[in-house]
Protein chains: 2
Amino acid sequence: MENSYPSALLEDAVQAFAKLPGIGKKTALRLVLHLLRQDSAQVEELGSSLIRLKKEIKYCECCHNISDTGRCQICSDPRRDQETVCVVENIKEVMAVEGTRQYNGLYHVLGGLISPMEGVGPSDLEIDSLVKRVAEGGIKEVILALAATSEGDATSFYIFRRLSAYPVRISVIARGIAVGDELEYADEVTLGRSIMNRTPFQS
Amino acid sequence: MENSYPSALLEDAVQAFAKLPGIGKKTALRLVLHLLRQDSAQVEELGSSLIRLKKEIKYCECCHNISDTGRCQICSDPRRDQETVCVVENIKEVMAVEGTRQYNGLYHVLGGLISPMEGVGPSDLEIDSLVKRVAEGGIKEVILALAATSEGDATSFYIFRRLSAYPVRISVIARGIAVGDELEYADEVTLGRSIMNRTPFQS
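Residues numbered from 1 in each chain as written. Chains lettered and ligands numbered in written order. Predicted model: local features only at pLDDT ≥ 70, side-chain atom pairs only at ≥ 80, totals over all residues. Heavy atoms only, no water.

A. A look at the sheet that holds strand 6 (residues 169–172) of chain B. All names here are of chain B. Read across the sheet, four strands follow the order 4-3-5-6 without closing on themselves; strand pairing throughout is parallel. Only two strands of the sheet have a single neighbouring strand rather than two, namely strand 4 (105–109) and strand 6. Strand-to-strand twist across the sheet, computed as the mean angle between neighbouring axes with direction ignored, equals 25°. Strand direction decides the pairing type here: strand 3 (residues 81–88) and strand 5 (residues 141–144), joined by four bridges, are parallel. Pairing of Val87 across the sheet is with Leu144, part of strand 5. Strand contacts of helix 5 (residues 128–135): strand 3, strand 4 and strand 5, with the helix running at about 150° to strand 4, the strand carrying the most contacts. (Pairing = 2+ DSSP bridges. Helix = DSSP H or I, 4+ residues; strand = E, 2+ residues; numbered from the N terminus. Axes fitted to C-alpha atoms, helices over the stretch in contact; angles between N-to-C directions. Contact = heavy atoms within 4.5 Å.)

B. Representation of the sheet that holds strand 6 (residues 169–172) of chain A in the model. Residue and element names in this part refer to chain A. What the four strands build is an open sheet, ordered 4-3-5-6; its pairing is parallel. Edge positions in the open sheet fall to strand 4 (106–109) and strand 6, since each of these has one partner strand only. Looking at each pair of strands side by side, their axes are set apart by 25° on average, direction ignored. Bridge count for strand 5 (residues 141–144) against strand 6 is four bridges, and the pairing is parallel.

C. Local environment of the packing of helix 1 (residues 8–18) of chain A against helix 2 (residues 25–37) of chain A. Residue and element names in this part refer to chain A. Close contact between helix 1 and helix 2 brings their axes to 8 Å; oriented N to C, the two are set at 125°. With respect to their mutual orientation, helix 1 and helix 2 come out oblique. The two elements helix 1 and helix 2 meet at a crossing, and its hand is right-handed. Across the interface between the two elements, Leu10, Ala13, Val14, Gln15, Phe17 and Ala18 from helix 1 touch Lys25, Ala28, Leu29, Leu31, Val32, Leu33, Leu35 and Leu36 from helix 2. The residue inventory of the contact of helix 1 with helix 2, partitioned by class, reads 12 nonpolar, one polar and one charged. (Parallel < 35°, antiparallel > 145°, perpendicular 65-115°, else oblique. Left-handed = near helix turned anticlockwise from the far one by under 90°. Nonpolar A, V, L, I, M, F, W, Y, C, P; charged D, E, K, R; others polar.)

D. Quick peek at empty space enclosed by the protein. Applying the stated criterion across every chain yields a total of one cavity of 30 Å³ or more. By volume, the largest cavity is sized at about 30 Å³. Residue lining of the largest cavity: Ser40, Val43 and Glu44 of chain A together with Ile51, Lys54 and Lys55 of chain B, and that is the complete set. Secondary-structure elements contributing two or more residues to the lining of the largest cavity are helix 3 (40–56) of chain A together with helix 3 (40–56) of chain B. Across the lining of the largest cavity, the residue classes tally to two nonpolar, one polar and three charged. (1 Å grid on protein atoms, 1.4 Å probe; cavity = no way out; pocket = protein on both sides within 12 Å on 5 of 7 lines; lining within 4 Å. Points joined across faces, edges and corners; volume = space filled by probe spheres on them.)

E. Quick look at the pattern of salt bridges. All names here are of chain A. One pass over the structure, following the stated rule, counts 17 salt bridges over all chains. Between Arg162 and Asp128 there is a salt bridge whose closest N-O contact spans 2.9 Å. Separated by 34 residues along the polypeptide, Arg162 in helix 6 (residues 150–163) and Asp128 in helix 5 (residues 128–135) bring together distant segments of the chain. Here Arg162 falls in the partly exposed class, since its relative accessible area comes to 28%. (Salt bridge = Lys/Arg side-chain N within 4 Å of Asp/Glu carboxyl O. Buried < 20%, exposed > 50% of the residue type's maximum accessible area, 1.4 Å probe, protein only.)

F. View of the interface of chain A and chain B. Counting from both sides, the interface comprises 55 residues of chain A and, opposite them, 54 residues of chain B. Between chain A and chain B, roughly 5400 Å² of surface is buried when both sides are summed, and carbon and sulfur atoms account for 70% of that area. The largest contributions to the chain A side of the interface with chain B come from Leu9, Lys54 and Met95 of chain A, which together make up 14% of the buried area. In this assembly, chain A and chain B are joined by five salt bridges. Of the charged contacts in the structure, one is a salt bridge between Lys19 of chain A and Glu45 of chain B, with a shortest N-O distance of 3.2 Å. Mapped by element, the contributors of at least two residues to the side of chain A that touches chain B are helix 1, helix 2, helix 3, strand 2 (66–67) and helix 4 (91–100) of chain A. The class makeup of the residues in the side of chain A that touches chain B is 28 nonpolar, 13 polar and 14 charged. (Buried area = accessible area lost by both parts, 1.4 Å probe.)

Everything listed here is a matter of geometry and, on its own, says nothing about what the molecule does.
What follows is the structure in structure tokens.
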């Protein structure tokens, strides 16, 4: 297939699409041919929204979430609990927690997890700014809502150590059997944790 | 997840991506967040290549393949056999046939298949222009390389009828067991066709 693109314009667009994660040459070609069949407005919209996004996007100066303004909607909402901060890896996790409608505090977006394998150290993440937020006072609880992986656990532990000097409650989201899961298919560590962290039965 | 995008710019980009076939909201968000982590040049490249593609792309005036010029590379290549025309549904099939390196003639891209279910009739496709090409003379063989579906067969039959008035050989690509396939898993129609259309054994 390599040299058989009938058009350099087509090839450029396919190559650009194929750089996206999970999109190969064939899918890229399918997407580009689909766009060619759409009207110009839709294609223009996709193209220009990407360019604008990259040029104009801001990060909240407080929680480092993606934002259109200097301070994000969540941080500037006076109805939210200003004393609780939920620490998450990325904006996807902010959206996931917001989706539950179970949380009314603020966030702190690290921008990744500590991963020596990928060369990501604490200084590459927004950890100093979290410590600064806590040091300034006013925060009573920090909830660590990171992935249940070795990177997530290492990051949680590092943050826990950095914050232990401050009078703040540090909690971790519960690990356990997912709602809807069968016990027999759960791994031993998760099942063990779910027994250790059992909660009073509520009917 | 609906109303929890922290940024209108982000939401615009996600929505534009999610309009593409096979890309849902979650994948769109993943792609957009990936692009945000890339440097501006790559994002600009994707955005502007799409806008340019849609604005500047041309279709070959002869075979209706996608082209950067009025006449495509294939049609304007003097080394190609000008007497044979392979009729295909779309540019993807041109690229597939080119990929085999087994064909050295020209193409004719219909732009779709006759499909009463989807409201596509012969006049929506480049069939008149094919008849005109044949009527002008110089073409000795038309190879119908359309999908082995009812739409493909209907389109082949329609073209066959339209061209039967002209002194041109009309052939259809072979249907049969795919190379590498087991006989026991082939459907009966394909297996039947492969027996009917058997070819002399070549060692």
